[in-house]
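Coordinate analysis (summary)
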Amino acid sequence: MRRLPILCALLLAGCGGERGASPSAPDPARLDPIARRYVVLALELGHHDPNFVDAYYGPDSLKAAADAESLSVPQVRAAAESLIAVLGDRIPTYADSLVGLRHQYLRVQLGAMATRARMLGGERLSFDQEARALYDAEPPHYPPAHFDSLLARLDSLLPGREPLDARYQRFRGRLNIPASLVDTVFKTAIAACRARTLAHLALPPGERFDLEYVKGTSWNAYNWYKGDYHSLIQVNLDFPIPIDRAVDLACHEGYPGHHVYNALLERALVRERGWVEISMYALFSPQSLIAEGSANFGIDIAFPPAERVAFERDSLFPLAGLDTALAGRNAAVRQIMERLNYARNEVARRYLDGELDAAAAQAIMQRYWLVTPEAAAKTLRFIDTYRSYVINYNLGRDLVAAWVERQGGDDEQARWAAFRALLSAPHLPRDLR
Ligand SMILES: [Zn+2]
């Protein structure tokens, strides 16, 4: 805490233009000490919240500063709020519009950090308040009738006399990759996603990732970005892996998803501009909506639906020894299941807001996702840990998709150019609206 009042005083003394006091454009360099302080505070909040810092590959000196200062949660919150006050409510007009985005990014990311500190301090927010404060987003509300109509469409795709969940699980059971072939199928999917990405985006030389298989985690897959254009991607093998997951995970975690997003940000902002805050990825922050949304939309931009079905049917199904006649119907089922994914937001909202207990939440998940009790329990574990983070996958995807489509229309090159622009700048969810 000792350092902050001095820092604020220095910043305030040097901040012409913020409140209209000076007609000249503000000095972009004034953001550098705020950015360094943001990184230190995020690392310090990470001392109290092991999930807060998803990735950090910036200077060791800032890590040492965080370790030495070691603020309490309320002190981190107060320090973040002081920096927000320094940044002000209005984004000044910088000569370089990217610096304006940087100013806004720091302001909004600090707001999320202060909120997360409030939550760690015991403050209870509703699901929607939390989504707004942490992810800069307004999750839509869907009534049960919306999901029931999707179930009716699924019912017509999977005819039979058994209950729908039994028919769905039997159908999905025919699509699991044999355990001995998972690695081969994944590596084939990754190579295809990478080739399709490289046809449209120039990636930094030397970019690469390692692939590991794990068990016992609450997530299905994770990208741990290490810096230096390197990721570690882990895939959970607790449950059999259906064939869809190959393209999903290869695109989402790798190309053009998380790995590419992190590598492009590192090149454009950390290395070329020296913006240290980008080397910090705070998980419970608006950046996650952009990260998860772009990773999920990355599947669709790399593999438009018809091309994906053809690739799965002609390459992955034979590789996994699966019946290629199922590929088309599986794609139709998948499209409905993606819309049913919003049911997870509704369950999470009602469960976290205290309207449903764990048993009732699991029952609704089983109804709308047609999953086993074990899989529903695993999803509930995810919600317990990550809470309103669930909106980042589906709402994030839909916001990114709509934004890219507005920028690029039907032109494939223009869509990729818009996507590249999104992945190379400190954008926030509010920029997508
Ligand atoms: Zn992700």
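Now for a look at the structure at hand. (Residues numbered from 1 in each chain as written. Predicted model: local features only at pLDDT ≥ 70, side-chain atom pairs only at ≥ 80, totals over all residues. Heavy atoms only, no water.)

**Some details on the side chain of Asn-330**
- Here Asn-330 is to be found in helix H14 (residues 327–340).
- Since its relative accessible area comes to 0%, Asn-330 is described here as buried.
- Residues within four places of Asn-330 in sequence aside, it is in contact with Phe-171, Arg-172, Leu-175, Ile-243 and Asp-244. (Helix = DSSP H or I, 4+ residues; strand = E, 2+ residues; numbered from the N terminus. Buried < 20%, exposed > 50% of the residue type's maximum accessible area, 1.4 Å probe, protein only. Contact = heavy atoms within 4.5 Å.)

**Some details on the packing of aromatic side chains**
- Tallied over the entire structure, the rule returns 18 aromatic pairs.
- Seen in terms of ring centroids, Tyr-386 and Tyr-389 are 6.0 Å apart; in terms of plane orientation they differ by 55 degrees. Their pairing is tilted. Summarising the burial analysis for this pair, Tyr-386 and Tyr-389 share the class buried.
- Their ring planes at 65 degrees and their centres at 5.7 Å tell us that Tyr-389 and Tyr-393 sit as a pair that is edge-to-face. Each member of the pair, Tyr-389 as well as Tyr-393, carries the same accessibility label: buried.
- A network of ring pairs unites the aromatic residues Tyr-135, Phe-284, Phe-382, Tyr-386, Tyr-389 and Tyr-393 as a single cluster.
- Lying across the ring of Phe-284, Arg-116 places its NZ or CZ 3.7 Å from the centre. (Phe/Tyr/Trp six-rings, centres within 6.5 Å; stacked < 30°, edge-to-face > 60°. Lys NZ or Arg CZ within 6 Å of the ring centre and 35° of its normal.)

**So, the sheet that holds strand E4 (residues 230–236)**
- Strand order in the open sheet formed by three strands is E2-E4-E3, with mixed pairing between adjacent strands. Each of the sheet's edge strands pairs with one partner strand only, and the pair in question is strand E2 (208–214) and strand E3 (221–227). Neighbour-to-neighbour, the strand axes of this sheet turn through a mean angle of 20 degrees, independent of strand direction.
- Taken together, the six bridges between E3 and E4 define a ladder with antiparallel strand orientation. Directly across from Tyr-225, in E4, lies its bridge partner Ser-231.
- Against the sheet, helix H11 (residues 258–271) contacts E2, E3 and E4, and its axis sits at roughly 20 degrees relative to E3. (Pairing = 2+ DSSP bridges. Axes fitted to C-alpha atoms, helices over the stretch in contact; angles between N-to-C directions.)

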